[in-house]
Protein chains: 2
Amino acid sequence: MNIIVDGMGGDKGPKEVVKGCIDAIEELDVGIIIAGKRDIIEGELLKYSFPKDQISIIDADEVISNDEEPTLAIRRKKNSSMVVGMRALAEGKGDGFLSAGSTGALLAGGLFIVRRIKGIERAALTTVYPTTKGISLLLDAGANTDCKPQYLEQFAVMGSIYSEKVLGVKEPKVGLANIGTEEGKGNALAKESYNLIKELDLNFVGNIEARDLPKGLVDVIVCDGFVGNIILKLTEGMAMSIFSLLKDEFSKSLKSKIGALMLKQQLKSFKSRTDYREYGGAPLLGVRQPVFKAHGSSDALAIKNAIRQVKAFVDGDIVNIIDENID
Amino acid sequence: MNIIVDGMGGDKGPKEVVKGCIDAIEELDVGIIIAGKRDIIEGELLKYSFPKDQISIIDADEVISNDEEPTLAIRRKKNSSMVVGMRALAEGKGDGFLSAGSTGALLAGGLFIVRRIKGIERAALTTVYPTTKGISLLLDAGANTDCKPQYLEQFAVMGSIYSEKVLGVKEPKVGLANIGTEEGKGNALAKESYNLIKELDLNFVGNIEARDLPKGLVDVIVCDGFVGNIILKLTEGMAMSIFSLLKDEFSKSLKSKIGALMLKQQLKSFKSRTDYREYGGAPLLGVRQPVFKAHGSSDALAIKNAIRQVKAFVDGDIVNIIDENID
């Protein structure tokens, strides 16, 4: 299996991406194809010793930045690492694609280069959502800001498949993010989506209120991309704000070094539970080949873990399973 | 000034509501009219000594529960404390109305009994949002699940007025809850609302991402009622979940009683910052007279503080100011 990695994407640049690739071939049974500026990627690779047949480079001398209008960038920057990598995927030169670069460009490339599975209305960015029990899956995480009920219906199907086949959850509990638990609650989209999803052959547990999301009551959270983005970013913002408040509070009275040290350990242990680096990439579900987004701040560990997920996705034959489950 | 209070609303029943009313007349220069079952309210009042001319009762022998369909309940239960109280308000027997009962029934009563200010498209439930800096205001908190851009435009105007006149914020910073900070981000509703709000004579600071909401970067958060409810409940759920996780973590190693005690104090100090009881009620902005919702779990302190807010709302002449600012 060969996984194509965008060598130029991400805030931390090629250094961390390449190190993540090196770590991946050591730990996982995969080959890696890095798309990016050849001299830069080669420079990074020189730092390591590794089996030469497991990593190759496809030259791509442009980079798409986060500031660029995604669709325009994908259309114009034909030699960007993102476009070159995705085109290689579409041409069958690799089995999956991973980038820590512009989310918008990844989505645009997914639609225009890799393209949707026949019958899929919209592809959904699918991410893990940290809970006190572990993780849930959330889709759509922001690819589709305006949705129709049929999109959410398909998100439910795709999310359930991914949860079961890649994350190993048995009969994943699927919930619709809503403002009340009873059937009939919500806005027009939520109400109609509920009616469609409940007819599916899924373990649909109904509506889930935002209050209960952090408790991990469901395995798959279904929502439109606007609400999904609000949920993800508010969860992140609340965690950061509470920690910063607690730090202030504790520093007021915990004078002893021992007390402070103890606290630091506990905070660290807590933070690791919500560490995106452990969970790696977010798949774009509904396209014809495996396309994954890694977090923009990914370090080598995050890249390696994302590659692990791409591999599980390929091994699980998820694209075909989704294809078979969509009318 | 006389404030009408729903004596039967809220999870804690008449006992806490009546105590809150007693505390309010002691602290604030107001008269209170309690709508509810006369024998029950009188029984509670007997526990206290107070100037008899400051509290009176309007008999209402029915109660609307949280399980009832709100509009039907308002139409059918003519003798419920909610309907009797609101009708008294509409007939000019009091200057404002407060209930800790069914939110849906309060909204329905606001629309059908008190009615909207002329020109107001939708009334908005407006609540305080706890931040690390203090509080923001959020509207709509759940009254309108499907909104048009014109509704959000009016929410921005009404929220700004309330923030300035009742909460005392000078030139309140108004932000639109969105999935990116740049103009042009978001779903169709957010994009069109942005264009309308930016033309208003307000201190509009543009889009605010959910990640930044807990930081208190804006004084007024504008959003539709679906998103508003998600934001409020997720904020509450995250705070609860993080505290419960921390409790687990700390109990693992903080064996000394001193350490645990220290922690308890700090947690308490933190929790008080997000205590809805301190902030009291949520106004229904856009109706012809002051209508306030108190939290369902309100105790006497929360009721008293909510009455304080109703008073400030009446003193500030908010209804007329909103009326003057809507075309």
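Definitions and limits used
- Residues numbered from 1 in each chain as written.
- Chains lettered and ligands numbered in written order.
- Predicted model: local features only at pLDDT ≥ 70, side-chain atom pairs only at ≥ 80, totals over all residues.
- Heavy atoms only, no water.
- Helix = DSSP H or I, 4+ residues; strand = E, 2+ residues; numbered from the N terminus.
- Buried < 20%, exposed > 50% of the residue type's maximum accessible area, 1.4 Å probe, protein only.
- Areas by Shrake-Rupley, 256 points an atom, 1.4 Å probe, with all protein chains shown as cover.
- Pairing = 2+ DSSP bridges.
- Axes fitted to C-alpha atoms, helices over the stretch in contact; angles between N-to-C directions.
- Domains from an automatic or database assignment.
- Contact = heavy atoms within 4.5 Å.
- Buried area = accessible area lost by both parts, 1.4 Å probe.
- Salt bridge = Lys/Arg side-chain N within 4 Å of Asp/Glu carboxyl O.
- Nonpolar A, V, L, I, M, F, W, Y, C, P; charged D, E, K, R; others polar.
- Right-handed = clockwise from strand over helix to strand, strands pointing away.
- Polar contact = N/O pair within 3.5 Å; in protein donor to acceptor, adjacent residues only side chain to side chain.
- Parallel < 35°, antiparallel > 145°, perpendicular 65-115°, else oblique.
- Left-handed = near helix turned anticlockwise from the far one by under 90°.
- Core = buried A, V, L, I, M, F, W, Y, C linked by side-chain atoms within 4.5 Å.
- Disulfide = S-S within 2.5 Å.
- Arc of directions from axis to C-beta.
- Patch = residues over 30% accessible without salt bridge, like charges linked within 9 Å, V, L, I, M, F, W, Y side chains within 5 Å.
- Lys, Arg positive; Asp, Glu negative; His and termini not counted.
- Charge placed at Lys NZ, Arg CZ, Asp CG, Glu CD.

Colleague: Got a minute to help me understand the overall build of chain A in this structure?
Modeller: Assigned secondary structure in chain A consists of 12 helices and 11 strands. Taken across its 327 residues, chain A has 57% of its residues classed as buried. Accessible surface, chain A: about 13700 Å² in total, of which carbon and sulfur atoms supply 47%.

Colleague: Where do I start with the environment of A282 of chain B in this structure?
Modeller: Structurally, the position occupied by A282 of chain B is in strand β10 (residues 282-285). For the pair A282 of chain B and A190 of chain B, spaced 92 residues apart in sequence, the C-alpha separation works out to 24 Å.

Colleague: Please explain the sheet that holds strand β3 (residues 55-59) of chain A as it appears in this structure.
Modeller: For sheets, the rule is that strands pair by backbone hydrogen bonds, running either parallel or antiparallel. Residues and elements named next belong to chain A. Reading across from one edge, β3-β2-β1-β4-β11-β10-β5-β6-β9-β7-β8 is the order of the 11 strands in this open sheet, with mixed pairing throughout. Only two strands of the sheet have a single partner each, and these edge strands are β3 and β8 (203-209). Averaged over all adjacent pairs, the angle separating strand axes in this sheet is 30°, with direction ignored. Of the pairings in the sheet, the one linking strand β4 (residues 96-99) to strand β11 (residues 291-293) comprises three bridges and is parallel in character. Within the sheet, the bridge partner assigned to S99 lies in β11 and is K293.

Colleague: What is the right way to read the domain arrangement of chain A from this model?
Modeller: Interfaces are often sized by the accessible area lost when the parts come together. All names here are of chain A. Looking at chain A, the domain boundaries give domain 1 (1-120 + 286-327) and domain 2 (125-277). With 22 residues of domain 1 in contact, the opposing surface of domain 2 contributes 12 residues. Taking both partners together, domain 1 and domain 2 bury about 1500 Å²; carbon and sulfur atoms supply 73% of that area. At the surface where domain 1 touches domain 2, the tally comes to zero salt bridges. Those elements that provide at least two residues to the side of domain 1 that touches domain 2 are α5 (103-114), β11, α11 (300-315) and α12 (318-325). Take the side of domain 1 that touches domain 2: its biggest share by element is six residues, from α11. Of the residues that constitute the side of domain 1 that touches domain 2, the class distribution is 11 nonpolar, nine polar and two charged.

Colleague: Can you help me understand the pairing of strand β3 (residues 55-59) of chain B in this one?
Modeller: On a regular strand, one side chain projects to one face of the sheet and the next to the other, so that they alternate. Residues and elements named next belong to chain B. Alignment of strand β2 (residues 31-36) against β3, held across five bridges, turns out to be parallel. Residue pairing in the sheet places I34 in a bridge with I57 of β3. In this fold, the crossover linking β2 to β3 by way of helix α2 (residues 38-45) has right-handed handedness.

Colleague: Sorry, what's going on with the environment of N195 of chain B here?
Modeller: With respect to the helices and strands, the residue N195 of chain B is situated in helix α7 (residues 188-197). Expressed as a C-alpha distance, the spacing of N195 of chain B and G206 of chain B, which sit 11 residues apart in the sequence, is 9.8 Å.

Colleague: Got a minute to help me understand the side chain of D212 of chain A in this structure?
Modeller: Here D212 of chain A shows up in the loop between β8 and β9 (220-222). Among the polar contacts made by the side chain of D212 of chain A, one reaches the side chain of K215 of chain A at a distance of 2.8 Å.

Colleague: What is the right way to look at the pairing of strand β6 (residues 135-139) of chain B in this model?
Modeller: The buried fraction of β6 of chain B amounts to four of the five residues, a majority that puts the element mostly inside the structure. Adjacent in sequence and paired antiparallel, strand β5 (residues 124-130) of chain B and β6 of chain B are bridged by four residues, among which G134 of chain B carries a positive phi angle near 155°.

Colleague: Honestly, the packing of helix α6 (residues 149-165) of chain B against α7 of chain B in this entry has me stumped. Any pointers?
Modeller: Residues and elements named next belong to chain B. Axis separation between α6 and α7 bottoms out at 8 Å; the angle between their running directions is 50°. On the basis of their axis angle, the class for α6 and α7 is oblique. Every pair of crossing elements has a handedness; the one defined by α6 and α7 is right-handed. Along the contact surface, α6 presents P149, Q150, L152, E153 and A156, while α7 presents L189, E192, S193, L196 and I197. Grouping the constituent residues of the contact of α6 with α7 by class yields six nonpolar, two polar and two charged.

Colleague: Can you walk me through the nonpolar core in this structure?
Modeller: Soluble, globular proteins show a tendency: their nonpolar side chains are buried together. Within the largest apolar cluster, 200 residues are counted, with the highest numbers of intra-cluster contacts made by I32 and I307 of chain A together with I32 and I307 of chain B. With near-sequence residues (within four places) excluded, I307 of chain B lies in contact with I3, V5, G20, C21, A24, L28, V30, I32 and L98 of chain B.

Colleague: What should I look at first to understand the pattern of salt bridges in this one?
Modeller: Side-chain pairing between opposite charges can occur once the charged atoms of the two side chains come close. Scanning all chains against the criterion turns up 24 salt bridges over all chains. E91 of chain A is paired through a salt bridge with K93 of chain A; the nearest N and O atoms lie 2.9 Å apart. What makes K93 of chain A exposed here is its relative accessible area of 51%. One salt bridge connects K19 of chain B with D23 of chain B, and the closest N-O pair in it is separated by 3.2 Å. Remark: D23 of chain B and K19 of chain B occur in helix α1 (residues 13-27); sequence separation between them is four residues, near one turn of the helix. Take D23 of chain B: its relative accessible area is 18%, and that puts it in the buried class. One continuous salt-bridge network, built from bridges that share partners, spans E209 and R211 of chain A together with K233 and E236 of chain B.

Colleague: Whenever I open this one, the sheet that holds strand β1 (residues 2-6) of chain B confuses me. Can you help?
Modeller: Residues and elements named next belong to chain B. Spatially, 11 strands are ordered β3-β2-β1-β4-β11-β10-β5-β6-β9-β7-β8 in an open sheet, and the strand pairing comes out mixed. Every other strand in the sheet has two partners, leaving β3 and β8 (204-209) as the edge strands with one partner each. Taken over all neighbouring pairs, the strand axes of this sheet differ in orientation by 30° on average, direction set aside. As defined by bridge partners, β5 adjoins β6 across five bridges and the pair is classed as antiparallel. Directly across from P130, in β6, lies its bridge partner I135. Packed on one face of the sheet, helix α5 (residues 103-114) meets β4 (96-99), β5, β10 and β11 (291-293) and runs near 175° to β11.

Colleague: Where do I start with the state of the cysteines in this structure?
Modeller: By definition, a disulfide links the sulfur atoms of two cysteines through a covalent bond. All names here are of chain B. On inspection of all chains with the given rule, the structure shows zero disulfides over all chains. The thiol of C147 is not disulfide-bonded; the next cysteine sulfur, from C223, is found 8.5 Å away. Residue class for C147 comes out buried when judged on its relative accessible area of 15%.

Colleague: How should I be thinking about helix α7 (residues 188-197) of chain A in this particular structure?
Modeller: Quick reminder: α-helices carry 3.6 residues per turn. Residues three or four places apart thus point the same way. Every buried residue belonging to α7 of chain A is among L189, A190, S193, Y194 and I197 of chain A, and all of these are buried. The buried residues of α7 of chain A occupy an angular sector of 130° when the element is viewed end-on, so they sit on one face.

Colleague: Is there a simple way to think about a negative patch on the surface in this case?
Modeller: Residue and element names in this part refer to chain A. Where like charges cluster on the molecular surface, the negative patch consists of D39, E42, D59 and D61. Note that D39 resides in helix α2 (residues 38-45). Its relative accessible area of 57% is what places D39 among the exposed residues.

Colleague: What should I look at first to understand the side chain of N144 of chain B in this one?
Modeller: All names here are of chain B. When you line up the elements, N144 lands in the loop between β6 and α6. Note on N144: relative accessible area 10%, which makes it buried. Within polar-contact distance, the side chain of N144 engages the backbone oxygen of A123 at 2.8 Å. For N144, the contacting residues outside a window of four places in its chain are R122, A123, A124, F155, D224, G225 and F226.

Colleague: I tried to follow helix α4 (residues 81-90) of chain A on my own but got confused; where do I start?
Modeller: Residue and element names in this part refer to chain A. Along α4, eight of the 10 residues are buried, which leaves the element largely enclosed by surrounding structure. Along α4, the positions that sit buried rather than exposed are S81, M82, V83, V84, G85, M86, A88 and L89. Looking one or two residues beyond α4, the residue adopting positive phi is G92, at roughly 85°.

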